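# Descriptive structure summary
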Amino acid sequence: MKFCVLTIFPEMFDAFSGYGIMRRAIESGSICLDPVNIRDYAEGRHKVTDDRPYGGGSGMVMKPEPLAAAIQAAKSKMPDSPCVLLTPQGRRFDQEIARQYSDLNGMIFVCGRYEGVDERLCQAYIDDEISIGDYVLTGGELAAMVIMDAVIRHIPGVLGAEDAAEFDSFSGNRLEHAHYTRPRVFEQKAVPEVLLSGNHGAVEAWRKESALLRTALKRPDLLEKTGLTEAEKKIVKNWCRYLESLASD
Ligand code: ADE
């Protein structure tokens, strides 16, 4: 999958592409990351990419011409890739959007800065507008990194088989189960005995229950969204019986 990122700060992506899973994915050829400096497409000696807003007011607006030229150049190399603007006004990014994007051959990100991007550019060139949450960043670069990081996890071969994205939190609208590693006892707290049992069926059942409990406690909205499976209903009924036994005289 190819990511082309249009930005006035391409160097911000050096660290992002230089470490961990992203670096491995680039080295193995699963991912190609191409940060492009919008300034390279700006006219004149000063290569200006922003200007004052018509109608007055504070802040600057990204000029349409350099962005249009940069998008056209990217589109000529990646004609079937959507052009995505990172903006707090976009639709809210989530795991399902990450999974859908991972089916694409490529994506072109436009990282807004300042007060925003000229509206005519958006109307003519932008296919999708994405926000990573209801807060305002100083630019779209961090949002583009967040999205790429979440998307690549779904590309076959990027993660090892054992930690495939299908087991991640939010797949199937459930949080992931609790994790433990050595030592067996840490600050007087022991690892749940079942995880040491070697009984794969029992471990699997414990993990399903742990995932359900964590989802119920931390993100009940996810349970309300999908309802419970028959197996989960059984688990919840067991919890109810247990709680009733605690409450009875
Ligand atoms: N640019 C500024 N704030 C943003 C946000 N919350 N999401 C995406 N891009 C942004």
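Residues numbered from 1 in each chain as written. Predicted model: local features only at pLDDT ≥ 70, side-chain atom pairs only at ≥ 80, totals over all residues. Heavy atoms only, no water.

### Side note on the site of the ligand
To keep things clear, this is the line we draw: Whether a residue is near a molecule or strand depends on its heavy atoms: if one lies within 4 Å, it is near. Contacts described as polar in this section are N or O atom pairs within 3.5 Å, which, within protein, must combine one atom able to donate a hydrogen with one able to accept it, while residues neighboring in sequence count only if both atoms come from side chains. A 1.4 Å probe and the Shrake-Rupley method give the accessible areas. Residues count as covered only by the protein chains that appear here. Helix and strand definitions here come from DSSP, where helices need a minimum of 4 consecutive H or I residues and strands a minimum of 2 consecutive E residues; each element is numbered from the N-terminal end. In the scheme used here, Gly and all other residues not listed as nonpolar or charged are polar, with Ala, Val, Leu, Ile, Met, Phe, Trp, Tyr, Cys and Pro taken as nonpolar and Asp, Glu, Lys and Arg as charged.
Residues in close proximity to the ligand include Leu-86, Thr-87, Pro-88, Ile-130, Ser-131, Ile-132, Gly-133, Tyr-135, Val-136, Leu-137, Gly-139 and Ala-143, which together make up its full environment. Ile-132 is positioned with one of its backbone polar atoms (N or O) 3.0 Å from a nitrogen atom of the ligand. Note that a nitrogen atom of the ligand is positioned 2.9 Å from one of the backbone N or O atoms of Leu-137. The fraction of the free accessible surface of the ligand (260 Å²) that becomes covered by protein chains is 97%. Only strand S5 (83-92) and strand S7 (128-131) provide two or more residues apiece to the shell around the ligand. Taken together, the residues of the shell around the ligand break down into 8 nonpolar, 4 polar and no charged.

### What to know about helix H9 (residues 230-247)
We count it as follows: Expected helix span is computed as 1.5 Å times (number of residues minus one). Think of it in three bands: residues with accessible area under 20% of the maximum for their type are buried, residues over 50% are exposed, and the middle band is partly exposed, with areas taken using a 1.4 Å probe on protein chains only. The arc refers to the directions leading from the helix axis to the C-beta atoms.
For H9, with 18 residues, the first-to-last C-alpha span of 26 Å sits near the 26 Å given by 1.5 Å per residue. Here H9 has its buried residues at Glu-232, Ile-235 and Trp-239. Down the axis of H9, the sector holding all buried residues measures 60°, keeping them to one side. Pointing more than 90 degrees away from the buried face of H9 are the exposed residues Glu-230, Lys-234, Lys-237, Arg-241 and Glu-244.

### Structural notes on the sheet that holds S7
As a reminder of what qualifies: Two strands pair under a simple rule: DSSP has to find at least two bridges between them. What counts as an axis is a line fitted to C-alpha atoms, over the stretch in contact for a helix, and the angles between N-to-C directions run from 0 to 180 degrees. Residues are treated as being in contact if the distance between any of their heavy atoms lies within 4.5 Å.
If you trace the 5 strands from one edge of the open sheet to the other, you get S2-S1-S6-S5-S7, paired in parallel fashion. Where the open sheet ends on each side, the last strands, each with one partner, are strand S2 (32-37) and S7. With direction set aside, neighbouring strand axes in the sheet form an average angle of 35°. One ladder, built from 4 bridges, connects S5 with strand S6 (residues 106-111); its direction is parallel. Bridge pairing in S6 places Leu-86 opposite Cys-111. Seen against the sheet, helix H3 (residues 64-77) touches strand S1 (2-7), S5 and S6 and runs at an angle of roughly 170° to S6.

### Here's the deal with helix H6 (residues 141-152)
With 12 residues, H6 should reach 16 Å at 1.5 Å per residue; the first-to-last C-alpha distance of 17 Å fits that figure. The buried fraction of H6 is high, at 9 of 12 residues. Within H6, the full set of buried residues consists of Glu-141, Ala-143, Ala-144, Met-145, Ile-147, Met-148, Ala-150, Val-151 and Ile-152.

### Comments concerning the nonpolar core
The condition that has to hold: Remark: nonpolar core denotes a set of buried residues (Ala, Val, Leu, Ile, Met, Phe, Trp, Tyr, Cys) joined through side-chain atoms within 4.5 Å.
Within the largest apolar cluster, 29 residues are counted, with the highest numbers of intra-cluster contacts made by Phe-3, Tyr-101, Phe-109 and Met-148. Sorting the residues of this core by element identifies S1, helix H1 (12-17), helix H2 (20-27), S5, helix H4 (95-101), S6 and H6 as the ones contributing at least two each. Here Phe-3 is in contact with Ile-31, Cys-32, Leu-33, Asp-34, Met-107, Phe-109, Met-148, Val-151 and Ile-152, once residues within four sequence places are set aside.

### A short note on the state of the cysteines
Just so we agree on the cut-off: By definition, disulfides here are pairs of cysteine sulfur atoms that lie within 2.5 Å.
In total, this model carries 0 disulfides according to the counting rule given. The thiol of Cys-4 is unpaired, and the distance to the nearest cysteine sulfur, on Cys-83, comes to 8.7 Å. Overall, Cys-4 belongs to the buried group, its relative accessible area being 3%. Cys-32 forms no disulfide, and the closest cysteine sulfur to it belongs to Cys-4, at a distance of 9.0 Å. For Cys-32, a relative accessible area of 35% translates into the label partly exposed.

### Here we look at the pattern of salt bridges
Just so we agree on the cut-off: A pair is scored as a salt bridge if a Lys or Arg side-chain nitrogen falls within 4 Å of a carboxyl oxygen belonging to Asp or Glu.
Scanning the entire structure with this criterion turns up 15 salt bridges. The partner of Glu-141 in a salt bridge is Arg-113, with the nearest N and O atoms 2.9 Å apart. Note that Glu-141 is positioned in helix H6 and Arg-113 in the loop between S6 and helix H5 (119-125), a separation of 28 residues in sequence. We classify Glu-141 as buried; its relative accessible area is 0%.

### Things to note about the side chain of Ser-131
The topology assignment puts Ser-131 in strand S7. Of the polar contacts made by the side chain of Ser-131, one reaches the backbone oxygen of Gly-133; its length is 3.0 Å. Contacts of Ser-131, omitting those with residues within four sequence positions, involve Thr-87, Pro-88, Gly-90, Arg-91, Arg-92 and Phe-93.

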